[in-house]
Amino acid sequence: MLSRLIRQILFVLLHLVVSVLVAIQNVYHRFCVKMSNLPKNQTVNNEVMTVLGHVPLITKELKHLVVLVDTDHHTLTDLARVVIWSLVFGISYVSFHDITGKLQKDEENLFVEVEKQKKGIPGCIKWFDKPNLNGYTNGIQANTISVNILSYNDGRPKITKCLQQISQDNTLCIRSSDEFTSQELDRTLKTIYPSIPDPNLVLYSGPLCCAYGLLPWHIRLTEFIQISIDHSINVNNYLGALYKYNKCDLRFGK
């Protein structure tokens, strides 16, 4: 009887502690929202200057960056700033892997948010579903970045679609024999996937590191680095992740 009473008291205390922690977390998030209401242009310009100061210190090639996006935690402003930082840094490709399936439906609003954040910042942003921009600002050649939005459906379901085309002989590539070769499969895959290099770096947030449907042969040499555990994205943890990537060594073995 006494032990049961003790267990009930411990349960109540545990519930109280959890409630306090949740309350603290809510206050922290409200504080972050208030901070995000600072003048946008001034904040973005400061972040751009911060990134420019670190560019010479990060020497490892980074051509294609993938960000695992959870729209339940990441805002369009967060993602737009990742595009701006990556543009300034000189990254050629940024892909947002939509793990909730909501971002692809909101691509138009992301496009608008990126253009709003980019005002006054040199560079060209190309969208796979938008007409190409000219890559020049005020007559000065600047960095160019291509933005792509992916989801789970671009992984195995697309491979399934490709195999269906092969089985129905609806492929666009020229057949050299009755048997379908690996080279012909590769050419067929290229017709349904954008022509971009394999990612060098994948950024994820939260406690779980997961590929979320990224194809194994695309990420065989990719580094997965946690940008934050609380799903926050800011210029400091973005640069911190790039510094971690800069220290990584690829070892292929013999």
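Remember, predicted model here, so these are calculated numbers, not experimental data.

Parameters at a glance
- Residues numbered from 1 in each chain as written.
- Predicted model: local features only at pLDDT ≥ 70, side-chain atom pairs only at ≥ 80, totals over all residues.
- Heavy atoms only, no water.
- Phe/Tyr/Trp six-rings, centres within 6.5 Å; stacked < 30°, edge-to-face > 60°.
- Helix = DSSP H or I, 4+ residues; strand = E, 2+ residues; numbered from the N terminus.
- Buried < 20%, exposed > 50% of the residue type's maximum accessible area, 1.4 Å probe, protein only.
- Lys NZ or Arg CZ within 6 Å of the ring centre and 35° of its normal.
- Core = buried A, V, L, I, M, F, W, Y, C linked by side-chain atoms within 4.5 Å.
- Axes fitted to C-alpha atoms, helices over the stretch in contact; angles between N-to-C directions.
- Parallel < 35°, antiparallel > 145°, perpendicular 65-115°, else oblique.
- Left-handed = near helix turned anticlockwise from the far one by under 90°.
- Contact = heavy atoms within 4.5 Å.
- Expected span 1.5 Å × (residues − 1).
- Polar contact = N/O pair within 3.5 Å; in protein donor to acceptor, adjacent residues only side chain to side chain.

A. A look at the packing of aromatic side chains. Summed over all chains, the structure comprises two aromatic pairs. Their ring planes at 50° and their centres at 5.1 Å tell us that Trp85 and Tyr238 sit as a pair that is tilted. Separated by 153 residues along the polypeptide, Trp85 in helix 3 (residues 76-89) and Tyr238 in helix 7 (residues 235-246) bring together distant segments of the chain. Judged by its relative accessible area of 3%, Trp85 is buried. For Lys60, the ring lying beneath its charged end belongs to Tyr245, and the centroid distance is 4.5 Å.

B. Representation of the nonpolar core. Ranked by internal contacts, the top residues of the largest apolar core, which has 40 residues, are Phe96, Ile125 and Tyr238. When residues in this core are grouped by element, the largest group, nine residues, is from helix 3. Counting residues in each nonpolar core, the second largest holds six residues, with Val66, Leu68, Val202 and Tyr204 among its members.

C. Representation of the packing of helix 3 against helix 4 (residues 107-118). Helix 4 packs onto helix 3 with a crossing angle of 55° between their chain directions and a minimal axis gap of 9 Å. Considering the angle they form, helix 3 stands oblique to helix 4. At the point where helix 3 passes helix 4, the crossing takes the right-handed sense. For the pair formed by helix 3 and helix 4, the contact residues are Leu76, Thr77, Leu79, Ala80, Arg81, Val83, Ile84 and Leu87 on the first element and Asn109, Leu110, Glu113, Val114, Gln117 and Lys118 on the second.

D. Structural detail: helix 7. When the terminal C-alpha atoms of helix 7 are compared, their 16 Å separation across twelve residues agrees well with the 16 Å that a helix rising 1.5 Å per residue should span. Turning to helix 7, its buried residues number three or more, namely Val235, Asn237, Tyr238, Leu239, Ala241, Leu242 and Tyr245. Taking the backbone nitrogen of Asn236 as reference, a side-chain oxygen 3.0 Å away marks Asn234 as the first, capping residue of helix 7.

So far we have only geometry, and geometry alone does not tell us how the molecule works.
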